[in-house]
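# Working through the structure, step by step
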Amino acid sequence: MFYAFGRLVYRFRWLVLAFWVIVLGVALPFAPRVTEPLRVGGFADPALESSKAAAMLATDLGYSTSDVIVTYSSNDPALVATNPRFIAETQTSLAGLSALHVQTTIVSHVENPRQISRDGRTAFEVVRLGTDTEAAAKLMPEITAAIRPPPDLTMRIGGGPAFYADVEQVSQRDLARAEAVAFPIAVVALLIVFGSVLAAGLPVLVGGAGVVVILAVIYALGTLMELSIFTVNLATLLGLGLGHEYSLFHSSRFRVELAHGYDVPEAVARTLATAGQAVVYSGLTVLIGLCALLTFHINLLVSIGIGGVVVVIVSVLAATTLLPVLLSIVGTHIDALSVRKVVTFLRGGKAHQQGDGLWGRVAHLVMRHPIAVFVPTLALLLLLGTPFLHITFSSPDASIVPPSVQSRQVYDILNTEFNASETTPILVVVKTGPGTTAFDAANLAYLYDFVRNVQADPRVARVDSIVSADPRLTLPQYQVYYRNIADLQDPYLTQFARQYARGDTTLISIISKFPSNAAASRALVAKVRNSAIGNGMTFQVTGATAGVTDVVNGLYHSFPIALLFIVLTTYIVLLLLFRSVILPLKAIVMNALSIIASYGMLVFVFQDGHFGRLLNFKALHFIEPTLPIIMFCTLFGLSMDYEVFLLSRIKEAYDATGDNAHSVATGIERSARIITSAALIVVLVASSFVTADIVLVKALGLGVAVAVAVDATVVRALLVPATMRLLGDWNWYAPHWLLRFLPRHALALEGAVDDHLTTGRVHDPEKEPVIPR
């Protein structure tokens, strides 16, 4: 089928080329605008308790989730926040906000003294916007222009909307930088592999064209559905990596076919019959992992899953249609503009020889001492993964953007000069019984007891509510004050009543003594949720701590289902490919080991803060909860790529000789150059994203690079030959009854293709008589 398709592509090469030119012409105007319809959020599940409570706060109490925080600092010891000149300058600075077309409410440090720092020289003002955070982020240029810097104070603008706007800007900058780094590196790597400018240029051209189309498709999808802005980063990383890798497979095979004396049409057809089929199976394994992301309810994961599906489809289509067309046109001139002398110099003065014997010698050495190699190598990979055992999850905040960004500076000021928990309270949203309000005397009594019990917890710094507004007041006094809200004379209590209660809804705000991601704060949330108020009142808990707890519990409750889907589907695909019940299982375990090592690196570097100066970041002290899931679903298919290619070459040799040890060494040696080259390109492309300023993108880039590097080196050179030797002929075992249901020739290997194309017959791997196709 693939051979016939190759013939068809060659026959209609100009028509296919015209199709791609039209597609690129349509895509080019939209690719640079890919981030316009995308959203920065998407880290929560609307079905979770914390999400429902947050929505209730917004609808019932008008609680704003889009607060802009403006900090003002004085370098003059005499100019403190309570100084009339300080107050006048902050008020003048914010006066222009009244002209905006969006509703704004300003909570000044004059109204709330807790908005003044410990040394008294810094204060922050809260600007509450009458819109959601995503919409507010789009308004940030207008908001920033409306806020005037005061003459004697240092002003910085932060908060949720500013953070979202900064993430969008920094993401675009990161993407441009990664592309600028990745393309030249990929070109140099391909030049070393091919030794020819033209041969190296074709994968770069096809990979670049694929990325343009991918970004345009994501732009189109973003106008139809909510997609996360982080989709672009992963799509570009995968698009460049897979595009170059798949093109490398085809270009290498095409050059081999020409070297065997075939003419261009035949070489193109044979290339698609071998490398083309391998690329389709490779795309299928990557697709399986990415499709698992679609089973989650977090918009970020669904977005990346959708983006990943687009990447795989476009990359496979480009590699199996556009590249063969270009190969057909270039033909025998593919080695034009040779740079072999330079490449030979870079290789240390040694010209490349087909079938690098080094890998074969390593395989033979490992198989002579399989246990001595297997045990310490397995121990090493597990040891690399041990930091993952103390992983701490938390939601992404302004600490993921660089310190040069104002929203990060405001975040740091709030954490160092104020009580950080003041900006991340635990919010309890209470609903009273039918026909009652929060101000009814009976409800006030139950709320009063509930709040007092919470205040008695040693982890609680303060509780703000309608029954704890003034610690000097008793329950009977609150009941008297709130008997008729309309006649309430006390301005302080009036403000509290309006802010914390409306109708049958009231808010209890709990300030923890510990950071929001601390174990003590999480335990406090659990205790509150296990409590009861009474009198028919119900409540839900939200806030940063509750949100992270819910997201982590929800994600890792669903993750085993996604993991099972990936493992079972991959096992079935590999079972069909290799006609063995053991090899697929071993491939899955090998893959898991490389991912475990990358997980350990993730925690060791980004949570614990090692190599921070080298990689230009400050320790997060947490891991964003979706990151390990994204890495697993992406890496499982990406690493399986090399495993499939390697095992296919080993199986080819085993079918021909029946000698397990010889087949392993031969397969490793024959696949050495192509796997090393492909893995090198993916590692280099992924490493280019380590230059990102957003720590999440940096972590993803490094995680992919480490996992692929480990898989293509340690796993391929040491674990695969050791385990293949230990298992012996059991590697190829499958029950006879199962073999009857499996296709005999699932994968067109080199020898089988040669037999079919020359005689119309196929060599049967089970040593059965040669049968017609």
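Residues numbered from 1 in each chain as written. Predicted model: local features only at pLDDT ≥ 70, side-chain atom pairs only at ≥ 80, totals over all residues. Heavy atoms only, no water.

### Let's talk about the overall build of the protein chain
We apply this condition: Elements are defined by DSSP. Helices are runs of H or I of four residues or more, strands are runs of E of two residues or more, and each kind is numbered from the N terminus. Each residue is assigned to one of three classes by its accessible area relative to the maximum for its type, calculated with a 1.4 Å probe on protein chains only: buried under 20%, partly exposed between the two thresholds, exposed over 50%. Residue contacts are defined here by distance: any two heavy atoms, one from each residue, within 4.5 Å place the two residues in contact. Computed with a 1.4 Å probe, the accessible areas rest on the Shrake-Rupley method; for each residue, only the protein chains presented here act as cover. Neither His nor the chain ends is counted toward charge; the positive residues are Lys and Arg and the negative residues Asp and Glu. All charge positions are set by atom: Lys at NZ, Arg at CZ, Asp at CG, Glu at CD.
Broken down by element type, the protein chain carries 27 helices and 11 strands. Taken over the C-alpha atoms alone, the protein chain extends approximately 100 × 55 × 45 Å along its principal axes. The buried share of the protein chain, reckoned over its 773 residues, is 56%. Considering only contacts in the protein chain between residues 6 or more positions apart, those separated by 24 or more positions represent 79%. Accessible area of the protein chain: about 31700 Å², with a carbon and sulfur share of 63%. When the 54 basic and 55 acidic side-chain charges of the protein chain are each reduced to a single mean position, those positions are 6 Å apart.

### Regarding the pattern of salt bridges
Applied cut-off: By definition here, a salt bridge exists when the distance from a side-chain nitrogen of Lys or Arg to a carboxyl oxygen of Asp or Glu is within 4 Å.
By the definition in use, this model includes 22 salt bridges. A salt bridge links arginine 255 to aspartate 335, with the nearest nitrogen and oxygen atoms 2.9 Å apart. In this pair, arginine 255 sits in helix H9 (residues 230–259) while aspartate 335 sits in the loop between helix H11 (299–330) and helix H12 (340–346), placing the two residues 80 residues apart along the sequence. A salt bridge links aspartate 412 to arginine 408; the shortest N-O distance between them is 3.2 Å. On the criterion of helical spacing, the pair formed by aspartate 412 and arginine 408 is a turn pair, its members being four residues apart in helix H15 (residues 406–417).

### Considerations on the pairing of strand S1 (residues 67–73)
Let me state the cut-off plainly: Two strands qualify as a pair provided that DSSP identifies no fewer than 2 bridges between them.
In terms of burial, S1 is a largely internal element, seven of the seven residues being buried. Alternating positions in S1 separate into two faces, Asp67, Ile69, Thr71 and Ser73 on one and Val68, Val70 and Tyr72 on the other, with burial throughout. Where S1 lies against strand S3 (residues 122–129), seven bridges are found, and the strand directions are antiparallel. Residue aspartate 67 lies in a different strand from S3, and its bridge partner there is arginine 128. In this sheet, strand S4 (residues 154–159) lies alongside S1 in antiparallel orientation, the contact comprising six bridges. The partner of valine 70 across the bridge, within S4, is isoleucine 157.

### Quick look at the nonpolar core
In plain terms, the rule: Only buried residues count toward a nonpolar core, which is a set of Ala, Val, Leu, Ile, Met, Phe, Trp, Tyr and Cys residues joined through side-chain atoms within 4.5 Å.
Membership of the largest hydrophobic core comes to 198 residues, with the highest contact counts inside it found for Val70, Ile147, Phe606, Ile694, Val704 and Val708. In this view, valine 704 contacts Leu237, Leu635, Leu638, Val682 and Ala686; residues no more than four positions away in its chain are not counted. Within the second largest apolar cluster, 43 residues are counted, among which are Phe439, Leu447, Leu488 and Ala546.

### A short note on the side chain of threonine 570
Note that threonine 570 resides in helix H20 (residues 544–578). What makes threonine 570 buried here is its relative accessible area of 1%. What threonine 570 contacts, discounting residues up to four positions off in sequence, is Ile288, Phe636 and Met640.

### Some thoughts on the packing of aromatic side chains
The test is simple: Stacked, edge-to-face and tilted are the three classes for Phe, Tyr and Trp ring pairs, Trp counted by its six-membered ring, which pair at centre distances within 6.5 Å; planes under 30 degrees apart are stacked, over 60 edge-to-face, the rest tilted.
As enumerated under the stated definition, the model contains 18 aromatic pairs in all. Measuring from centroid to centroid gives 5.0 Å for phenylalanine 124 and phenylalanine 418, while their planes differ by 75 degrees, and the two rings are edge-to-face. Placement of phenylalanine 124 in strand S3 and of phenylalanine 418 in the loop between H15 and strand S5 (426–431) is noted, with a sequence separation of 294 residues between them. The two residues phenylalanine 124 and phenylalanine 418 agree in class, both being buried.

### Re the sheet that holds strand S2 (residues 104–107)
Applicable threshold: To get an axis, fit a line to the C-alpha atoms, keeping to the stretch in contact for a helix; angles then go from 0 to 180 degrees between the N-to-C directions.
Overall, antiparallel pairing links the four strands, which are arranged S2-S3-S1-S4 in an open sheet. Each edge of the sheet is formed by a strand with only one pairing partner; in this case those strands are S2 and S4. The mean angle between the axes of side-by-side strands here comes to 20 degrees, regardless of whether they run parallel or antiparallel. Of the strand pairs in this sheet, S2 and S3 are connected by four bridges, and their pairing is antiparallel. Directly across from isoleucine 106, in S3, lies its bridge partner valine 127. Set on the sheet, helix H4 (residues 84–94) makes contact with S1, S2, S3 and S4; between it and S1 the angle comes to about 140 degrees.

### Remarks on the confidence of the model for the protein chain
It should be kept in mind that the predicted coordinates are not to be read in detail where pLDDT is low. Cut-off, in case you're wondering: On a range of 0 to 100, pLDDT expresses the predictor's confidence in each residue.
Taken residue by residue, the protein chain gives an average pLDDT of 85. The fraction at 70 or more is 94%. Here residues 351–356 scores under 50 on pLDDT; set against residues more than four positions off or in separate chains, the count is six contacts. Counting contacts from residues 746–773, a segment whose pLDDT is below 50, to residues more than four positions away or on other chains yields 59 contacts.

### Focus on the state of the cysteines
Rules: Here, two cysteine sulfur atoms that lie within 2.5 Å of each other are counted as a disulfide.
Inspection of every chain in the model, using the stated rule, returns zero disulfides. The cysteine cysteine 291 is free of any disulfide, with cysteine 633 supplying the nearest cysteine sulfur at 10 Å. Cysteine 633 gets classed as buried once you look at its relative accessible area, which sits at 0%.

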